[in-house]
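Now for the letters of each chain:
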Amino acid sequence: MGFFSGLFRSRDKPQNRTTGSAYSFFFGGSAAGKRVNERSAMQMTAVYSCVRILAEAVAGLPLHLYRYKEDGGKEKALDHPLYLLLHDEPNPEMSSFVFRETLMTHLLLWGNAYAQIIRNGRGEVMALYPLMPDRMAVDRDDKGQLYYEYTTSADDAPISKSSIVRLKPSDVLHIPGLGFDGLVGYPPLRWQRTPSALPLPQRNTAPNFLQMARSQAVCRSIREPSRTRRGCGIPG
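Once that is clear, we can look at the sheet that holds strand S4 (residues 125-131). Taken together, 3 strands build an open sheet; the order of strands is S4-S3-S8 and the sheet is antiparallel. Either end of the sheet is taken by a strand with one partner, and the two such strands are S4 and strand S8 (172-176). Going from strand to strand, the sheet's axes swing by 25° on average, the running direction of each strand aside. In the sheet, strand S3 (residues 112-119) pairs with S4 via 6 bridges, with the strands oriented antiparallel. Within S4, the residue paired with Arg119 across the bridge is Val125. Relative to the sheet, helix H5 (residues 96-110) contacts S3, S4 and S8, its axis offset from that of S3 by approximately 140°.

Spatial strand order, S5-S6-S7: 3 strands in an open sheet with antiparallel pairing. At either margin of the open sheet sits one strand with a lone partner, and together these are strand S5 (136-140) and strand S7 (164-167). Strand-to-strand twist in this sheet, taken as the mean axis angle between neighbours without regard to direction, amounts to 25°. Note that S5 and strand S6 (residues 146-151) share 5 bridges and pair antiparallel. Each residue of the ladder has a partner; that of Val138, found in S6, is Tyr148.

Right, let's talk about the packing of aromatic side chains for a bit. Following the criterion strictly, the structure yields 2 aromatic pairs and no others. Arranged with centres 6.1 Å apart and planes meeting at 75°, the rings of Tyr114 and Tyr148 form a pair that is edge-to-face. Placement of the pair is Tyr114 in strand S3 and Tyr148 in strand S6, with a sequence separation of 34 residues. A single burial state applies to Tyr114 and to Tyr148, both of which are buried. Consider the rings of Phe180 and Tyr186, whose centres lie 5.3 Å apart with planes at 65°: the pair is edge-to-face. For Phe180, a relative accessible area of 41% puts it in the partly exposed group. Judged by relative accessible area, Tyr186 falls into the buried class, the value being 12%.

Turning our eyes to something else, we now look at the side chain of Asn112. Turning to its location among the elements, Asn112 is positioned in strand S3. Among the polar contacts listed, one links the side chain of Asn112 to the backbone oxygen of Gly185, at a separation of 2.8 Å.

Taking 1.5 Å per residue, 15 residues should reach 21 Å; H5 reaches 21 Å between its end C-alpha atoms and fits that length. Three or more residues of H5 are buried, namely Ser96, Phe99, Arg100, Leu103, Met104, Thr105, His106, Leu107, Leu109 and Trp110. Two residues or fewer past H5, Gly111 is found with a positive phi of approximately 80°.

The rules behind the values
- Residues numbered from 1 in each chain as written.
- Predicted model: local features only at pLDDT ≥ 70, side-chain atom pairs only at ≥ 80, totals over all residues.
- Heavy atoms only, no water.
- Pairing = 2+ DSSP bridges.
- Helix = DSSP H or I, 4+ residues; strand = E, 2+ residues; numbered from the N terminus.
- Axes fitted to C-alpha atoms, helices over the stretch in contact; angles between N-to-C directions.
- Contact = heavy atoms within 4.5 Å.
- Phe/Tyr/Trp six-rings, centres within 6.5 Å; stacked < 30°, edge-to-face > 60°.
- Buried < 20%, exposed > 50% of the residue type's maximum accessible area, 1.4 Å probe, protein only.
- Polar contact = N/O pair within 3.5 Å; in protein donor to acceptor, adjacent residues only side chain to side chain.
- Expected span 1.5 Å × (residues − 1).

Structural data, given as structure tokens:
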């Protein structure tokens with residue numbers, strides 16, 4: 001029961017199990033003996049192609065902000081401040097396409113997509129910045145309120161002297177993937193670790209396998225000259 005109680009964790013204490021850039025999979029390493037993470041999996045053509053196609057397809061969809069009219073219809077809210085953020089430029093460093101492509105890539109690989117909501121003194125949303133999912137942790141405080149903890153790195157903007165920044169849910173855009181509690185998504189690669197890992201060790205051991213096979217063929221040719229063709233698997 002301990003295994004299932006940990007797997008189907010209740011909503012009172014959600015956890016993001018991808019915290020840390022060197023995390024191990026939920027069930028340990030892959031059956032192929034090769035540790036696979038999001039970045040190493042992207043070296044595989046199949047994984048890279050699937051992630052790229054899905055991310056670009058979602059990023060290329062039209063994104064508009066609408067408002068309802070008195071007659072029950074709707075119209076584009078072109079004068080709303082959020083329209084430019086969502087449709088054109090979520091922040092000065094990236095377009096709406098790049099922003100949505102990045103979040104979709106995070107969602108496909110890590111099972112969660114996060115973006116920090118930057119507000120001005122009046123509480124108005126000024127920008128949206130993607131956050132790395134492997135450095136985000138989701139938890140509850142003593143009062144049962146959700147909070148997000150993000151571990152900064154040397155490459156991030158110096159927004160705080162501390163290496164861990166605590167964010168309120170109102171300051172984080174969180175898109176969870178498939179999960180059990182509806183709060184934190186589980187990385188798809190965690191469940192598909194073996195199929196993703198198989199080509200990596202095959203690629204690494206291919207030269208050794210060919211060298212071993214060549215040596216066995218030479219030894220068999222020397223010891224059993226009359227059975228060389230049949231021993232090497234070549235029809236006689």
